[in-house]
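Okay, here's what each chain looks like letter by letter:
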Amino acid sequence: QVQLVESGGGSVQPGGSLRLSCAASGSILSINIMGWYRQAPGKERELVASITSGGTTNYADSVKGRFTISRGNAKNTVYLQMNSLKPEDTAVYYCTSGTFRVNDYWGQGTQVTVSS
């Protein structure tokens, strides 16, 4: 089992930045891939970004060039740097991890609100 705890959400004006953090505990040696999903009100949950233990990253088209996913030196942490935020980025953001899939385990979510 892996436990994931997110932090760093909040409210920001359009064009602003936020950095989300996620710390994993438990069976962290089993983690090969970590990611961030988000779910906006009335919309389906979507994969925002993912990163493998080898450093390969993947991004949703809607965030390419604005968001950056990275892993900490300890390998049990993952970050999502979000720049040039738009109102449509408003959602609950979830940290995920897995061995062969990115979403075996989920955090509790953190709210990101982009509004003027």
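Refer to the structure presented above.
Residues numbered from 1 in each chain as written. Predicted model: local features only at pLDDT ≥ 70, side-chain atom pairs only at ≥ 80, totals over all residues. Heavy atoms only, no water.

Draft legend 1. Just the nonpolar core, in detail. Of all hydrophobic cores here, the largest spans 28 residues; its most connected members are W36, L80, M82 and Y93. Elements with a contribution of two residues or more to this core: β1 (2–7), β3 (18–26), β4 (33–39), β5 (46–52), β7 (67–71), β8 (77–82), β9 (91–98) and β11 (110–114). Among the elements that make up this core, the one with the highest residue count is β3 (four residues). Apart from residues lying up to four places away in sequence, L80 is in contact with L18, R19, L20, W36, V48, A49, F67, T68, I69 and Y93. (Core = buried A, V, L, I, M, F, W, Y, C linked by side-chain atoms within 4.5 Å. Buried < 20%, exposed > 50% of the residue type's maximum accessible area, 1.4 Å probe, protein only. Helix = DSSP H or I, 4+ residues; strand = E, 2+ residues; numbered from the N terminus. Contact = heavy atoms within 4.5 Å.)

Draft legend 2. Structural view of the side chain of S50. By the secondary structure assignment, S50 is in strand β5. Residues contacting S50, with those up to four places away along its chain left out, are I33, M34, G35, T56, T57, N58, I69 and V102.

Draft legend 3. Here's a closer look at the layout of surface pockets. Its boundaries defined by the atoms lining it, the largest pocket holds a volume of some 170 Å³. Forming the walls of the largest pocket are 13 residues, and the residues nearest its centre are R38, A40, K43, E46 and E88. Per-class residue counts for the lining of the largest pocket are two nonpolar, three polar and eight charged. (1 Å grid on protein atoms, 1.4 Å probe; cavity = no way out; pocket = protein on both sides within 12 Å on 5 of 7 lines; lining within 4 Å. Points joined across faces, edges and corners; volume = space filled by probe spheres on them. Nonpolar A, V, L, I, M, F, W, Y, C, P; charged D, E, K, R; others polar.)

Draft legend 4. Fine view of the sheet that holds β3. Ordered by their spatial adjacency, four strands build an open sheet running β1-β3-β8-β7, and the pairing between neighbours is antiparallel. Every interior strand has two partners, whereas the edge strands, β1 and β7, have only one. Averaged over all adjacent pairs, the angle separating strand axes in this sheet is 15°, with direction ignored. Pairing geometry for β3 and β8, over six bridges, is antiparallel. Along β8, the bridge assignment pairs S21 with Y79. (Pairing = 2+ DSSP bridges. Axes fitted to C-alpha atoms, helices over the stretch in contact; angles between N-to-C directions.)

Draft legend 5. Seen up close, the packing of aromatic side chains. Here the structure, examined in full by the defined rule, presents two aromatic pairs. Centre to centre, the rings of Y37 and W106 are 4.7 Å apart; their planes meet at 50°, and the pair counts as tilted. Taken together, the residues Y37 in strand β4 and W106 in strand β10 (residues 105–106) connect sequence positions 69 residues apart. When its relative accessible area of 12% is taken as the criterion, Y37 is described as buried. An angle of 75° between the planes, with centres 5.9 Å apart, marks the rings of Y94 and W106 as edge-to-face. (Phe/Tyr/Trp six-rings, centres within 6.5 Å; stacked < 30°, edge-to-face > 60°.)

Draft legend 6. View of the pattern of salt bridges. This model, assessed by the stated rule, comprises five salt bridges. Among the salt bridges present, the one from E46 reaches R38, with a minimum N-O distance of 2.6 Å. Taking the shortest distance from any N to any O, the salt bridge between K64 and D61 comes out at 3.1 Å. On the accessibility criterion, D61 (65% relative accessible area) is exposed. Each of R38, E46, R66 and D89 takes part in a single network of salt bridges with overlapping partners. (Salt bridge = Lys/Arg side-chain N within 4 Å of Asp/Glu carboxyl O.)

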